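Listed here are the chains, written in short residue letters.
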Amino acid sequence: MPINIMLPIEVNDTIKTLGERIKLARLRRQMSQDELVRKCGISRRTLYAIEQGTPGIAAGTVLLVLWALGLLDSAKQVADPDADEHGKILEAARRKTRVRNPAPLDNDF
C-alpha cells in the first residue's frame, strides 16, 4: 500500500531510479521475482513495490534485496563520511584557530 507523503521531487526520482536499478540487477542475474522473494523472505508485492520505486518500503528490506543480489557493498558507500566534502568543509570552518596553553600544574599534593 503506497504511503501518501509529499516527498521532494529529487527524493521520488531517486527512489524510482533505485527501484529500476534493482530490477535491472535482478534481470541481469536471470532471477525471477519468485526466486528473489524466496531468498529474501519477503512478499512478491513488496518486491514489486521496491522495483516500482514506491516510497515507504523499509530501508532494511531494500538492503536485504541488495544483499540477495550481491550489491550490498555498493550501499555501504551511501553517506560515507570520507566522501562528504561539504561536511568536511563545515567541520573545518568550526575548528578553533587558537589553541591555549594548558594551565600550570599545582605542585601542592
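Residues numbered from 1 in each chain as written. Predicted model: local features only at pLDDT ≥ 70, side-chain atom pairs only at ≥ 80, totals over all residues. Heavy atoms only, no water.

Another point: the packing of aromatic side chains. Each aromatic ring pair is specified by the distance between its two centres and by the angle formed by the two planes. Throughout the structure, instances matching the rule amount to zero aromatic pairs. In this structure, Lys-39 is placed above the aromatic ring of Trp-67, and the distance from its NZ or CZ to the ring centre is 5.8 Å. (Phe/Tyr/Trp six-rings, centres within 6.5 Å; stacked < 30°, edge-to-face > 60°. Lys NZ or Arg CZ within 6 Å of the ring centre and 35° of its normal.)

We now examine the side chain of Arg-26. For Arg-26, the location among the structural elements is in helix 1 (residues 9–28). Looking at Arg-26, the relative accessible area reads 5%, which means it is buried. Of the polar contacts made by the side chain of Arg-26, one reaches the backbone oxygen of Met-31; its length is 3.0 Å. With residues near it in sequence (within four places) discarded, Arg-26 still touches Met-31, Ser-32, Gln-33, Leu-36, Leu-47, Glu-51 and Leu-69. (Helix = DSSP H or I, 4+ residues; strand = E, 2+ residues; numbered from the N terminus. Buried < 20%, exposed > 50% of the residue type's maximum accessible area, 1.4 Å probe, protein only. Polar contact = N/O pair within 3.5 Å; in protein donor to acceptor, adjacent residues only side chain to side chain. Contact = heavy atoms within 4.5 Å.)

Attention now moves to the environment of His-86. Its place among the elements puts His-86 in helix 6 (residues 85–94). Considering only alpha carbons, one finds His-86 and Asn-101, 15 residues apart in sequence, at a separation of 31 Å.

The next thing to look at is the packing of helix 1 against helix 3 (residues 44–52). Contact geometry of helix 1 with helix 3 gives a least axis separation of 6 Å together with a crossing angle of 120 degrees. On the basis of their axis angle, the class for helix 1 and helix 3 is oblique. Between helix 1, through Lys-16, Gly-19, Glu-20, Ile-22, Lys-23 and Arg-26, and helix 3, the contact on the second element is made entirely by Leu-47, Ile-50, Glu-51 and Gln-52. Residues belonging to the contact of helix 1 with helix 3 are distributed by class as follows: three nonpolar, two polar and five charged. (Axes fitted to C-alpha atoms, helices over the stretch in contact; angles between N-to-C directions. Parallel < 35°, antiparallel > 145°, perpendicular 65-115°, else oblique. Nonpolar A, V, L, I, M, F, W, Y, C, P; charged D, E, K, R; others polar.)

One broad trend across soluble globular proteins is that nonpolar side chains are buried collectively. Counting 15 residues, the largest nonpolar core has Ile-22, Leu-36, Cys-40, Ile-42, Leu-47, Val-65 and Leu-69 as the members making the most contacts within it. Contributions of two or more residues to this core are made by helix 1, helix 2 (33–40), helix 3 and helix 4 (59–68). For this core, the leading source of residues is helix 4, giving four residues. The residues contacting Leu-36, other than those within four sequence positions of it, are Arg-26, Met-31, Leu-47, Val-65, Ala-68 and Leu-69. (Core = buried A, V, L, I, M, F, W, Y, C linked by side-chain atoms within 4.5 Å.)

Now for the packing of helix 3 against helix 4. Relative orientation of the contacting elements helix 3 and helix 4 amounts to 90 degrees, with a least axis distance of 11 Å. What the angle tells us is that helix 3 and helix 4 run roughly perpendicular. Seen from helix 3, the contacting residues are Thr-46, Leu-47 and Ile-50; seen from helix 4, they are Thr-61, Val-62 and Val-65. Among the residues making up the contact of helix 3 with helix 4, the classes are represented as four nonpolar, two polar and no charged.

On to the pattern of salt bridges, then. Tallying each qualifying case throughout the model produces four salt bridges. Of the charged contacts in the structure, one is a salt bridge between Glu-51 and Arg-26, with a shortest N-O distance of 2.6 Å. With a gap of 25 residues between them, Glu-51 in helix 3 and Arg-26 in helix 1 connect regions that are remote in the sequence. For Asp-34, the salt bridge is made with Arg-44, and the minimal N-O distance between the two is 3.7 Å. Residue Asp-34 is located in helix 2, and its partner Arg-44 is located in helix 3; the two are separated by ten residues in the primary sequence. Taking the relative accessible area as the measure of exposure, Arg-44 reaches 47% and is therefore partly exposed. (Salt bridge = Lys/Arg side-chain N within 4 Å of Asp/Glu carboxyl O.)

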